[in-house]
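Chains, contacts and geometry: an overview
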2 protein chains.
Amino acid sequence: MKYPSGFKRNPQSLSSIKNNMYSNRGMNLEEDINVTNKYYLETNRAVIHKKPTPIQIVNVHYPKRSAAVITEGYFQRSSTTDYNGIYNGKYIDFEVKETKNKTLFPLANIHEHQMEHLQAVLNHGAISFLIIRFSVYNETYFLEIDKVLPYWEQKLQNSKMSIPYNYFQKHGYLIPFKYQARVDYLSIVDQLYFPNGG
Amino acid sequence: MKYPSGFKRNPQSLSSIKNNMYSNRGMNLEEDINVTNKYYLETNRAVIHKKPTPIQIVNVHYPKRSAAVITEGYFQRSSTTDYNGIYNGKYIDFEVKETKNKTLFPLANIHEHQMEHLQAVLNHGAISFLIIRFSVYNETYFLEIDKVLPYWEQKLQNSKMSIPYNYFQKHGYLIPFKYQARVDYLSIVDQLYFPNGG
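Cut-offs used in this document
- Residues numbered from 1 in each chain as written.
- Chains lettered and ligands numbered in written order.
- Predicted model: local features only at pLDDT ≥ 70, side-chain atom pairs only at ≥ 80, totals over all residues.
- Helix = DSSP H or I, 4+ residues; strand = E, 2+ residues; numbered from the N terminus.
- Buried ≥ 20, exposed ≤ 12 C-beta atoms within 10 Å, placed from the backbone.
- Contact = placed C-beta atoms within 7 Å.
- Pairing = 2+ DSSP bridges.
- Axes fitted to C-alpha atoms, helices over the stretch in contact; angles between N-to-C directions.
- Expected span 1.5 Å × (residues − 1).
- pLDDT = per-residue confidence, 0-100.
- Core = buried A, V, L, I, M, F, W, Y, C linked by C-beta atoms within 7 Å.

1. Here's the deal with the overall build of chain A
In terms of helices and strands, chain A carries 6 helices and 11 strands. Classification of the 198 residues of chain A by burial places 38% in the buried group. Nonlocal contacts in chain A, meaning residues at least 24 apart in sequence, comprise 59% of its contacts between residues at least 6 apart.

The following block contains the structure:
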């Protein structure tokens, strides 16, 4: 992973680093999801958290009488998705990605172990999906994992594989933007999994 | 958080740092749980992962043509538990702690937001519990969150509160040690939540 240079003394996590890359268009998708999850938590609707970014720690310094300082560390790829939790008694698991592309979502943005993880939890009874934002249209789609699989199987043959934008329009669900639940993906979960209420 | 000094160039995570503290008695509980989860995953029994340790990143260096290096970072407290996942269609969430104490488990080892998290997920339908090892006896107990609550409420009045060892013997479940599922906590989940099979 590489990030733009010039990033200094920002006591934040990877999400902020990523956000710097998009700073000219306000909040990025990850921050919108975090705000949404906070709202869900505070209103006792669901308990869904972002997992911390895994860091490989190589060197730690232990000053006397103060906190340990990591002096050498590297960003690692996660072996799972970034988000999971519980809603209405069901295990929820999803990955979040944003693209500037106008016509397709490149599947190279999803790592193989993330997709394996999403399939595995689906087989164990999870609600698992992708949240994909097409930033040029400011449209954010909910796409169930079983709808991703036909493309994913082709991707295993051809690493440049992608999902066309119009597939999201046809088989995905446009997530409504709300003031507090900025990316109100649970409204889609309700339609699909709890049509008669929770 | 403070760790013993002298730790250098070990390209591992916090679990290894912690493990260094216990190196004279083999694997620690966290490593046993990780081995167990790996076995559950490989045998397709459950998908349960440890969350990465949250790190506050203060400084990142971006060398040309190589990976970004974190040059200043600090260990943070997690706002949730370390472990969650899915088993038999149910959301699972737990915290893991080890004590050298012979007569009690000090509740100061569990942070307030962790306990709030465990109660919240319980209210949403999770299977949530503590796994506590009394290392002097080499006994590892499974204790459901609702069994912790009477002590937790006292702890909010008195921060030195603890749960007596014999309470674990009476109201907890001794987790069997197995060769591959080293801390086979799902065998206890089966007894308590799926008595007639999954």
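2. Focus: the sheet that holds strand β8 (residues 127-134) of chain A
Paired through their backbone hydrogen bonds, the strands of a sheet run either parallel or antiparallel. All names here are of chain A. Read from one edge to the other, the open sheet built from 6 strands follows the order β2-β5-β6-β8-β9-β11, with strand pairing classed as mixed. Looking at strand neighbours, the two that pair on one side only are β2 (46-50) and β11 (173-174), the edges of this open sheet. Here strand β5 (residues 83-87) runs beside strand β6 (residues 90-99); their pairing, made up of 5 bridges, is antiparallel. Following the sheet pairing, Tyr83 is matched in β6 by Phe94. Strands in contact with helix α4 (residues 145-157) are β8 and β9 (139-144); relative to β9, the strand with the most contacts, it is inclined by about 85°.

3. Considerations on helix α2 (residues 29-42) of chain B
Residues and elements named next belong to chain B. The terminal C-alpha atoms of α2 lie 20 Å apart, and with 14 residues this matches the ideal 20 Å at 1.5 Å per residue to within 8%. Within α2, the full set of buried residues consists of Leu29, Glu30, Asp32, Ile33, Asn34, Thr36, Asn37 and Tyr40. Within two residues after α2, Asn44 carries a phi angle of roughly 60°, on the positive side.

4. Focus on the pairing of strand β3 (residues 69-75) of chain B
Looking at chain direction, strand β4 (residues 69-75) of chain A and β3 of chain B are connected through 2 bridges and run antiparallel. When the bridges of β3 of chain B are listed, Gly73 of chain A appears paired with Ile70 of chain B.

5. Brief notes about the sheet that holds strand β5 (residues 90-99) of chain B
Residue and element names in this part refer to chain B. Within the open sheet, the 6 strands sit side by side as β1-β4-β5-β7-β8-β10. Their pairing is mixed. The outermost strands of the open sheet, each flanked by one partner alone, are β1 (46-50) and β10 (173-174). Strands β5 and β7 (127-134) of the sheet are contacted by helix α3 (residues 112-123), whose axis makes an angle of about 155° with β5.

6. What about the confidence of the model for chain A?
For chain A, mean pLDDT is 87; residues scoring 70 or higher make up 86% of the total. Interface predicted TM-score (ipTM) for the complex: 0.84; the corresponding pTM is 0.85.

7. Regarding unusual backbone geometry
All names here are of chain A. One non-glycine residue, Asn138, adopts positive backbone phi at about 50°. Considering the arrangement of structural elements, one finds Asn138 in the loop between β8 and β9. On the basis of neighbour count, Asn138 is assigned to the exposed category, with 9 C-beta atoms found within 10 Å.

8. A short note on the environment of Gly172 of chain B
Residues and elements named next belong to chain B. As for its placement among the helices and strands, Gly172 is situated in the loop between α5 (165-171) and β10. By the C-beta count within 10 Å, which is 24 here, Gly172 ends up buried. Each C-alpha atom, one on Gly172 and one on Phe142, is 5.4 Å from the other, the two residues being 30 residues apart in sequence. With near-sequence residues (within four places) excluded, Gly172 lies in contact with Tyr141, Phe142 and Leu143.

9. Looking at the environment of Glu116 of chain B
All names here are of chain B. Tracing the backbone shows Glu116 in helix α3. Glu116 gets classed as partly exposed once you count the C-beta atoms within 10 Å, which come to 13. A C-alpha to C-alpha distance of 10.0 Å links Glu116 and Thr81, two positions 35 residues apart in sequence.

10. A closer look at the nonpolar core
Grouped burial of nonpolar side chains is what soluble globular proteins tend to show. Of all hydrophobic cores here, the largest spans 84 residues; its most connected members are Ile86 and Ile131 of chain A together with Ile86 and Ile131 of chain B. Apart from residues lying up to four places away in sequence, Ile86 of chain A is in contact with Ala46, Val47, Tyr91 and Ile92 of chain A together with Tyr91, Val121, His124, Gly125 and Ala126 of chain B. Residues Ile55 and Ile57 of chain A together with Val60 and Ala68 of chain B belong to the second largest nonpolar core, which totals 12 residues.

11. Looking at the environment of Ser78 of chain A
Residues and elements named next belong to chain A. As for its position among the elements, Ser78 is in the loop between β4 and β5. Note on Ser78: 19 C-beta atoms within 10 Å, which makes it partly exposed. In this structure the C-alpha to C-alpha distance between Ser78 and Lys51, which are 27 residues apart in sequence, comes to 9.2 Å. Apart from the residues lying within four places of it in its own chain, the contact partners of Ser78 are Lys51 and Pro54.

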